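Below, each chain spelled out in residue letters.
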Amino acid sequence: MTTKLTPLSERSAWKALGAHHQKIQGTPLSQLFADDPARGERFTVETGGIFLDYSKNRITDETLKLLIQLAEESGLKARIEAMFRGDKINITENRAVLHVALRAPKGESIVVDGEDVVPPVHAVLDKMAGFADRVRSGEWKGHTGKRIRNVINIGIGGSDLGPVMAYEALKHYSQRDINFRFVSNVDGTDFAEAVQDLKADETLFLVASKTFTTLETMTNAHSARDWSLAGLGGDEKAVAKHFVAISTNAKEVSKFGIDTANMFEFWDWVGGRYSMDSAIGLSTMIAIGPDNFRAMLDGFHQMDVHFRTTPFEKNLPVLLGLLTVWYTDFFDAQTVAILPYEQYLKRFPAYLQQLTMESNGKHVTLDGTHVETETGPIYWGEPGTNGQHSFYQLIHQGTRLIPCDFIGFYKTLNPLGRHHDMLMANVFAQAEALAFGKTAEQVKAEGTPDWLVPHRVFEGNRPSNTILAEKLTPEVLGKLIALYEHSVFTQGTIWSIDSFDQWGVELGKVLAQRIIGELESATEPTLTHDTSTTNLIKRYRKNK
Ligand code: G6Q
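One structure accompanies this document, and this report is about it.

What follows is about the nonpolar core. Soluble globular proteins tend to bury their nonpolar side chains together. By size, the foremost hydrophobic cluster in this structure holds 124 residues, and its most contacted members are Trp 269, Ile 286, Phe 348, Leu 477 and Leu 480. With 11 residues, helix H20 (residues 474–495) is the single largest residue contributor to this core. Dropping the residues within four chain positions of it, Phe 348 is found in contact with Met 165, Ile 338, Ile 407, Leu 480, Ile 481 and Tyr 484. The next biggest cluster of nonpolar side chains, apart from the first, holds 24 residues, and it includes Phe 205, Phe 212, Ala 224 and Leu 232.

Have a look at this one:
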């Protein structure tokens, strides 16, 4: 099913933005700040303790007005409502997109195909809580009667990146006498290293797979089963005590040998990369406990309400999304750097890579035509201050424009001498240096010899957002993730793309299935690939 859309280039705000860009692109940030002494306070917005300073962006009031007009002309309001209402906005898979239902409070109602999905969401959360409490307290025993000391999540993509990120982000709140590990790669090293120092009778595997057919996950799950049985004397009954499943596919779960009583369900209206707050987050809940998990959901929900009800000019995810469109399409920015100044957020950039790039890495619009502009930028990043000693050079003095999101907190979870002030001084210093740079005159005035001056000039005019919150709690993490989820939604709406499918990952999977047979075949296979692929396969077969 396709809908006819007004092409982006025909939306009047888009045309106006093009002309406006011509007019302001040469105006440096230093000028914009000089012209408006209140800019640093004016271009900020706060909701539920998440503060966004977007003043160091190459925008004026007119830019904002036009970007908001663009959001309106692109039907953002109606599309937000359609998502929250449970309309099947993922048109290529004919699915509703309801990660917002995963954090809807009890008593709310969202109906999909005639069923209110909120009560089942809470039933699964309650079941997860019961199980998590039993594992945490030691009441849940392994096959030999020992308590669980190791929890290993087996999953990949959306069934891995969220759980890993959340575990790392919320480690401060985790139960420290249980080890948490994550196996995703089909490379046997991932599994081998994860279990090499563990005992099977103390180890619980969470097999997290929406489809329960994913090659990597099922291969790892089978190896885990073999490893467990080998360590537990081969008694098949052990599986029930050492394996639980998180899936939408009860049939495949029982086929694997996991009792569906030990299955935690979710639904086809939860996309993989939007699923860390569903049962896919079971490892998170075991680590931090049900109360903290619910606090995280509450954080998500607060940002959902903000996104749905706040006028665009004060709406954090909308502003963040529109700024990304502004740089991607008018300044030809190729990437966005995510720079958390919080060690616990070390996997946050990797998590956001999937969220943003799998969602908006599309070149076809909802009506099946080729997009007219660039879409999803490349997201990447590392925690500060480490990045400063490696790739920041290119952001400061390279030839590319790289909008940056700095994320910092007023308080640290690990107060240690002056560390936190030093850390935060670097956030403010980097954003300042990027925006305002250092002129040749300033460099000369420092006594720099003439020949060296050009090397030491910082052009500045490099945009960034600064996001601040009190401290990294489960609630704040939920808000931050929802902030980016809805920013992605905003971008996808402007570009009129389906941010919720991922057909781009299919072709490689199909080809790999065929090649697996060719690599493993006992007789010489007839290869009909291109000459490069054929040659590589032959070479591998000869040398393996
Ligand atoms: C996410 C994608 C993808 C998915 C994995 C794992 O949006 O769909 O990353 O999460 O391919 O899929 P399963 O959970 O079905 O194993």
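For the rest of this paragraph, the subject is the sheet that holds strand S13 (residues 464–469). One open sheet holds the 6 strands; their spatial order is S1-S2-S13-S12-S10-S11, and the pairing between them is mixed. The open sheet terminates on both sides in strands that have one partner only, identified here as strand S1 (44–47) and strand S11 (378–380). Strand after strand, the sheet turns through a mean of 15° between neighbouring axes, direction not considered. The pairing of strand S10 (residues 335–340) with strand S12 (residues 404–409) spans 4 bridges and is parallel. For Pro 340, the partnering residue across the bridge sits in S12 and is Ile 407. On top of the sheet, helix H17 (residues 419–436) reaches S12 and S13; it is set at about 155° to S12, its chief contact. Of the strands in this sheet, strand S2 (50–53), S10, S11, S12 and S13 are in contact with H20, which crosses S12 at around 165°.

Position of Arg 11 among the secondary structure elements: in the segment before helix H1 (12–24). Buried within the structure, Arg 11 lacks any salt-bridge partner; Glu 73 is the closest side chain of opposite charge, at an N-O distance of 6.0 Å. Within the structure, Arg 11 has its side chain in polar contact with the side chain of Ser 74 (distance 2.9 Å). Once residues lying within four places of it in the same chain are set aside, the contact partners of Arg 11 are Thr 6, Leu 70, Glu 73, Ser 74, Thr 493, Ile 494 and Ser 496.

This next bit is on the pattern of salt bridges. This model, assessed by the stated rule, comprises 28 salt bridges. Where Arg 42 meets Asp 61, a salt bridge forms, and the shortest distance between an N and an O atom there is 2.9 Å. Here Asp 61 lies in helix H4 (residues 61–73) and Arg 42 lies in helix H3 (residues 39–42), a separation of 19 residues in the sequence. The class for Arg 42 is partly exposed, based on a relative accessible area of 38%. Residue classification places Asp 61 among the partly exposed residues on the basis of a relative accessible area of 43%. Between Asp 87 and Arg 85 there is a salt bridge, with the nearest N and O atoms lying 2.6 Å from each other. When its relative accessible area of 47% is taken as the criterion, Arg 85 is described as partly exposed. Look at the salt bridges and you will find they share partners, linking Arg 103, Asp 277, Asp 304 and Glu 485 into a network.

Definitions and cut-offs
- Residues numbered from 1 in each chain as written.
- Predicted model: local features only at pLDDT ≥ 70, side-chain atom pairs only at ≥ 80, totals over all residues.
- Heavy atoms only, no water.
- Core = buried A, V, L, I, M, F, W, Y, C linked by side-chain atoms within 4.5 Å.
- Buried < 20%, exposed > 50% of the residue type's maximum accessible area, 1.4 Å probe, protein only.
- Helix = DSSP H or I, 4+ residues; strand = E, 2+ residues; numbered from the N terminus.
- Contact = heavy atoms within 4.5 Å.
- Pairing = 2+ DSSP bridges.
- Axes fitted to C-alpha atoms, helices over the stretch in contact; angles between N-to-C directions.
- Lys, Arg positive; Asp, Glu negative; His and termini not counted.
- Salt bridge = Lys/Arg side-chain N within 4 Å of Asp/Glu carboxyl O.
- Polar contact = N/O pair within 3.5 Å; in protein donor to acceptor, adjacent residues only side chain to side chain.

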